[in-house]
Amino acid sequence: MRAHEAGALHGDIGSRPPWLRPPGDVNALVPQLWPRNVTRAADGALAVAGLSVRDLAAEYGTPVYVLDEDDLRSRCREFRAAFPDEDVYYAGKAFLCRAVVRMIAEEGMFLDVCTGGELATALSAGMPPERIGFHGNNKSVAELSRALDAGVGRIILDSFTEIDRLTALARERGVRPQVLIRVTVGVEAHTHEFIATAHEDQKFGFSLAGGAAAAAAFKVIDEDVLELRGLHSHIGSQIFDASGFEVSARRVLGLQAQIRDARGVELPELDLGGGFGIAYTTQDDPAAPHDLAKRLRKIVDGECAAEKLAVPHLSIEPGRAIVGPAVFTLYEVGTVKDVDGIRTYVSVDGGMSDNIRTALYDASYSATVANRASSAEPLLARVVGKHCESGDIVVKDEFLPADVQPGDLVAVPGTGAYCRSMASNYNHVPRPPVVAVRDGRARLIVRRETEEDLLALDVG
Ligand SMILES: Cc1ncc(COP(=O)(O)O)c(C=O)c1O
Ligand SMILES: N[C@@H](CCCC[NH3+])C(=O)O
């Protein structure tokens, strides 16, 4: 018998996790968890923009990341409409390839990159350099030189070493790059500690409380080689509670006022970073961009009034909220193993190499059998990968039909952000391709890595 059939749960799960949809509707798709153009078609298989996942799997193999292009574009448009007077930087770390650079550029977005590799991808896709912001806590001389030579719009300074480095490079070239100072505002964002970035004890930014942020601003202003456009604060990722942004804006605008008082300079810009949460499970309730915009503006307007500051030009940097919900990963089931009295393990042909988030952050995902509908009873299963690691879990708990079997396709939604971009070759598993689907047509935008690719690196 299969362990963990609905209503008979044992082992370390305890009780049915609250975010799980109730058993009994294993074929239903919870709309907020899926790309907008995904449906279950009349034959029971999932379809994206009218294209069956069975056809996608036959054409491109599995695992494969499937991008609903119109979903991604519609999220860009929603952010642009909600923030019409602000700059919306897509945070490329969430997922970047040339096709996506072109999509976001066409939708009027700006782009945040944080390494030379991301910068190279952006430039080679034709992203206008003046719409690029360059982040990172350890930008090399080579990376900064390239950014200056390309004419990127903003460089976000992260350390005193970097201020000196960039100042020297700018002097050499006789240019005056526009910069922001990344401020660590001391907010404990309500998210996993690995993805919170504004508490004091961490590597990013200049500490506000310790005085480093003010010192950095004074140094840039006084040396007058770099053009200080404003301050930047990013408090973390997968955040739902706006109070973190409120505290952050208050503190960073407090520094803005301090700079005005000390140097007579009102910085014209303020970047509030990204971090807006998305729904991975039914427990997550993300704010719509329009509501986010209203709240952020209210916070900034209020703080500026209190400090008697002119309201600066705002920018934000959503990554996950743009690409996360637009993608699902399609796997094929290889084995189904009932560990009697404990749980059922459904092994798929990928795992922690294409989605490290479950292992790294204890992230929750959902899943469904995608190649067919089933009338079988729900079975509480764990979807695991093929890696040599017992923590190689893709979806911790999900009700799948009890007749799930080798050869079935399993789709995991919400995998657009920080999955392909954090993918590895662990166990020499080649990284999956990315296929964009729009209007019933599929287009390969990142090809599958091959064993030949891996062997080509092995030159010993
Ligand atoms: C500086 C900065 N901006 C933007 C982002 C994007 O975050 P998210 O994908 O959560 O919107 C990050 C990542 O956390 C970041 O470090
Ligand atoms: N990689 C993290 C987000 C970090 C964002 C970069 N500061 C995640 O998967 O949630």
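Given the structure is predicted, the values throughout are model-derived calculations rather than measurements. (Residues numbered from 1 in each chain as written. Chains lettered and ligands numbered in written order. Predicted model: local features only at pLDDT ≥ 70, side-chain atom pairs only at ≥ 80, totals over all residues. Heavy atoms only, no water.)

Undergrad: Quick question: what am I supposed to make of the UniProt feature "binding site: substrate" (unreviewed entry) in the protein chain here?
TA: As recorded in UniProt, the feature "binding site: substrate" (unreviewed entry) lies at Arg-320, Arg-357, Tyr-361, Glu-389 and Tyr-418. In three dimensions, the annotated residues from a span of 99 residues occupy distinct locations, with a maximal C-alpha spread of 26.8 Å. Relative accessible area serves as the criterion here: at 13%, Tyr-361 is assigned to the buried category. Structurally, Glu-389 can be placed in the loop between strand S17 (378-384) and strand S18 (393-401). Not counting chain neighbours up to four residues away, the residues in contact with Glu-389 comprise Met-352 and Tyr-426. (UniProt positions renumbered as here; feature names shortened; annotations may be inferred. Buried < 20%, exposed > 50% of the residue type's maximum accessible area, 1.4 Å probe, protein only. Helix = DSSP H or I, 4+ residues; strand = E, 2+ residues; numbered from the N terminus. Contact = heavy atoms within 4.5 Å.)

Undergrad: Help me understand the pairing of strand S20 (residues 434-438) in this model?
TA: On any regular strand, side chains alternate: one points to one face of the sheet, the next to the other face. When you tally the buried positions in S20, you get four out of five residues, the bulk of the element. Examined bridge by bridge, strand S4 (residues 64-68) and S20 share four bridges and lie parallel to one another. What sits directly across from Tyr-65, in S20, is Val-434. Pairing between S20 and strand S21 (residues 441-446): five bridges, direction antiparallel. Bridge pairing in S21 links Ala-436 to Arg-443. (Pairing = 2+ DSSP bridges.)

Undergrad: What should I look at first to understand the environment of Ala-213 in this one?
TA: Note that Ala-213 resides in helix H7 (residues 212-223). Distance in space between the C-alpha atoms of Ala-213 and Ala-288 is 32 Å, their sequence separation being 75 residues. Setting aside residues up to four positions removed in sequence, Ala-213 forms contacts with Ile-181, Val-183, Phe-206, Ser-207, Leu-208 and Leu-255.

Undergrad: So what exactly am I meant to see when it comes to the site of ligand 1 here?
TA: Inspection of the region around ligand 1 gives 15 residues, with His-234, Ser-237, Glu-317, Arg-320 and Tyr-418 positioned closest. Note that an oxygen atom of ligand 1 is positioned 3.5 Å from one of the side-chain N or O atoms of Lys-93. Between a nitrogen atom of ligand 1 and a side-chain N or O atom of Glu-317, the distance comes to 2.6 Å. Here ligand 1, which alone exposes 390 Å², has 93% of that area covered by the protein. Of the residues in the shell around ligand 1, the class split is three nonpolar, seven polar and five charged. (Near = heavy atom within 4 Å. Polar contact = N/O pair within 3.5 Å; in protein donor to acceptor, adjacent residues only side chain to side chain. Areas by Shrake-Rupley, 256 points an atom, 1.4 Å probe, with all protein chains shown as cover. Nonpolar A, V, L, I, M, F, W, Y, C, P; charged D, E, K, R; others polar.)

Undergrad: How do you make sense of the UniProt feature "binding site: pyridoxal 5'-phosphate" (unreviewed entry) in the protein chain when you look at a structure like this?
TA: Here the UniProt-annotated "binding site: pyridoxal 5'-phosphate" (unreviewed entry) positions come out as Gly-275, Glu-317, Pro-318, Gly-319, Arg-320 and Tyr-418. Since its relative accessible area comes to 5%, Glu-317 is described here as buried. In this structure, Glu-317 is in contact with Tyr-89, Ala-91, Asp-112, His-135, His-232, Asp-271, Gly-273, Gly-274 and Gly-275, ignoring residues within four places of it in sequence. At 2.8 Å, the side chain of Glu-317 and the side chain of His-135 are in polar contact. Relative to the assigned elements, Pro-318 resides in the loop between strand S13 (313-316) and helix H10 (320-323).

Undergrad: Whenever I open this one, the pattern of salt bridges confuses me. Can you help?
TA: Two side chains bearing opposite charge may form a pair once their charged atoms approach each other closely. Scanning the model with the defined rule gives 31 salt bridges in all. Where Glu-78 meets Arg-36, a salt bridge forms, and the shortest distance between an N and an O atom there is 3.0 Å. In this pair, Glu-78 sits in helix H2 (residues 69-82) while Arg-36 sits in the segment before strand S1 (38-40), placing the two residues 42 residues apart along the sequence. Look at Glu-78 and you get partly exposed, because its relative accessible area is 32%. Arg-36 gets classed as partly exposed once you look at its relative accessible area, which sits at 41%. Here Glu-107 and Arg-73 are joined by a salt bridge, their closest N and O atoms 2.8 Å apart. One end of the pair, Glu-107, is in the loop between helix H3 (98-106) and strand S6 (110-113); the other, Arg-73, is in helix H2, with 34 residues separating them in the sequence. For the pair formed by Glu-107 and Arg-73, the shared burial category is buried. A network of salt bridges, in which partner residues are shared, links Glu-69, Asp-70, Arg-73, Arg-77, Glu-106, Glu-107, Arg-438 and Arg-443. (Salt bridge = Lys/Arg side-chain N within 4 Å of Asp/Glu carboxyl O.)

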